[in-house]
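# Notes for the structure review
Each chain is listed here by its residues.
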Amino acid sequence: MKPSIIGIAGGTASGKTTIANYLYESASKIGSVVLIKIDDYYLGKTKVPKNEDGKLNFDHPNAYDIELLSKHLNDLKQGLSIEKPTYDFVTSTRTNITEHVEPADVIIVEGIMVFAIQPIRDECDIKIFVETPDDIRFIRRLKRDMLDRGRSLESVVNQYLSSVRPMHESFVEPSKKYADIIIPDGGYNEVALDFLNTKVTQLLTKKK
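A complete count under the given rule lists 13 salt bridges for this structure. Between lysine 84 and glutamate 99 there is a salt bridge, and its shortest N-O distance comes to 3.3 Å. Placement of lysine 84 in strand β3 (residues 82-88) and of glutamate 99 in strand β4 (residues 93-101) is noted, with a sequence separation of 15 residues between them. One network of salt bridges, in which partners are shared, links Arg141, Arg144, Asp145, Arg149 and Arg151.

This is the structure:
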């Protein structure tokens, strides 16, 4: 049987990663699961598109290496292993280190543009959109970028206003219409997490 691909999308800092990690960790106890974060497929600062003001736009669908990501998902579906790229958010570049990934029965694909990029969206058997209020998401992003990525307050705010927010309105929010399931409150929605865990368990059980 071919693997099932679960797409998890939503705005920046909405709780996508929390849900993806939860499903990966719980499902790994039952069967073979792979977690692909499309942020690892960023093209890097030398190739991403620019806004009208000339600033780099990391929040546009074309900021990702869509061709490579599509190929890797197809390879995994065909039972082939891949060498997944890794990305350094501090330097905004793809590293020279790759991660060897073996095929699995369930593939989880997580990222803000999973449903906004049609070739990736079309690969997903189950589509989950995580919905969290804008103010909560901004506060989470601000803390993350300053603490984990060494960004200044000014740079985070400027990027949010110049690209994150408009790209969310143009691409991420409209892609919600493709979702099979919409989860409010991200990783804090225990009922939704239990439901998803049950669904993934059923998928893995069928594939044994």
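Right, let's talk about the pairing of β3 for a bit. The element β3 is largely enclosed, with a buried count of five among its seven residues. In this antiparallel pair of consecutive strands, β3 and β4, the connection spans four residues, and serine 92 shows a positive phi of 55°.

Okay, helix α1 (residues 16-27) next. Here α1 spans 16 Å end to end across 12 residues, near enough to the 16 Å set by a 1.5 Å rise per residue. By the burial criterion, the buried members of α1 are Lys16, Ile19, Ala20, Leu23, Ser26 and Ala27. Each buried residue of α1 sits inside an arc of 145° when the element is viewed along its axis, so together they form one side. Close packing links the buried residues of α1 with β1 (4-10), β2 (33-37), β5 (106-110), β6 (126-131), β7 (181-184) and α6 (190-207).

Counting 30 residues, the largest nonpolar core has Ile36, Val109 and Val114 as the members making the most contacts within it. At the level of elements, β1, β2, α2 (66-77), β3 and β5 are the ones that each hand at least two residues to this core. The element that contributes the greatest number of residues to this core is α2, accounting for three residues. If we skip the residues at most four places from it in the chain, valine 109 touches Ile5, Ile6, Gly7, Ile8, Ile36, Ile38, Leu73, Val114 and Ile120. If you look at the next biggest cluster of nonpolar residues, it comprises 20 residues, including Ile8, Leu23, Ile108 and Leu203.

Their axes nearest at 10 Å, the elements α1 and α6 cross at an angle of 45°. The orientation of α1 with respect to α6, classified from their angle, is oblique. Seen along the crossing, α1 lies across α6 with a hand that is right-handed. Each of Ile19, Tyr22, Leu23, Ser26 and Ala27 in α1 lies in contact with α6, whose residues at this interface are Leu193, Asp194, Leu196, Asn197, Val200 and Leu204.

This next bit is on the sheet that holds β1. In spatial order, the strands read β2-β5-β1-β6-β7; together these five strands make up an open sheet with parallel pairing. Two strands close off the open sheet at either side, each with one partner strand: β2 and β7. If you compare each strand with its neighbour and ignore which way they point, the axes differ by 20° on average. Looking at chain direction, β1 and β6 are connected through five bridges and run parallel. From the neighbouring strand, isoleucine 6 faces β6, where its bridge partner is isoleucine 126.

Here is what the cut-offs are and how they apply
Counting restarts for each chain: residues are numbered from 1 in the order of the written sequence. Residues qualify for local features only when their pLDDT is at least 70, as the model is predicted, and side-chain atom pairs are given and counted only at 80 or more; totals for whole chains, interfaces and linings, by contrast, use all residues. Note that water and hydrogens are dropped before the side-chain values are worked out from all heavy atoms of the structure. One side-chain nitrogen of Lys or Arg within 4 Å of one carboxyl oxygen of Asp or Glu is enough to make a salt bridge. Each helix is a run of DSSP H or I of at least 4 residues and each strand a run of E of at least 2, with the numbering of both proceeding from the N terminus. The classification of residues rests on relative accessible area computed with a 1.4 Å probe and restricted to protein chains. Under 20% of the type maximum is buried, over 50% is exposed, and intermediate values are partly exposed. A pair of strands is labelled paired if DSSP reports no fewer than 2 bridges between them. Expected span, for any helix, means 1.5 Å times one less than how many residues it has. Note that the arc is defined by the directions from the helix axis to the C-beta atoms. Residue contacts are counted whenever heavy atoms from the two residues lie within 4.5 Å of one another. We call a set of buried residues a nonpolar core when its members are Ala, Val, Leu, Ile, Met, Phe, Trp, Tyr or Cys and they connect through side-chain atoms within 4.5 Å of each other. Angles run from 0 to 180 degrees between N-to-C directions of axes, and those axes are lines fitted to C-alpha atoms, restricted for helices to the stretch in contact. We call two directions roughly parallel when the angle between them is under 35 degrees, roughly antiparallel when it is over 145, roughly perpendicular when it lies between 65 and 115, and oblique otherwise. Left-handed describes a crossing whose near helix is turned anticlockwise from the far helix through less than a right angle; right-handed describes the clockwise counterpart.

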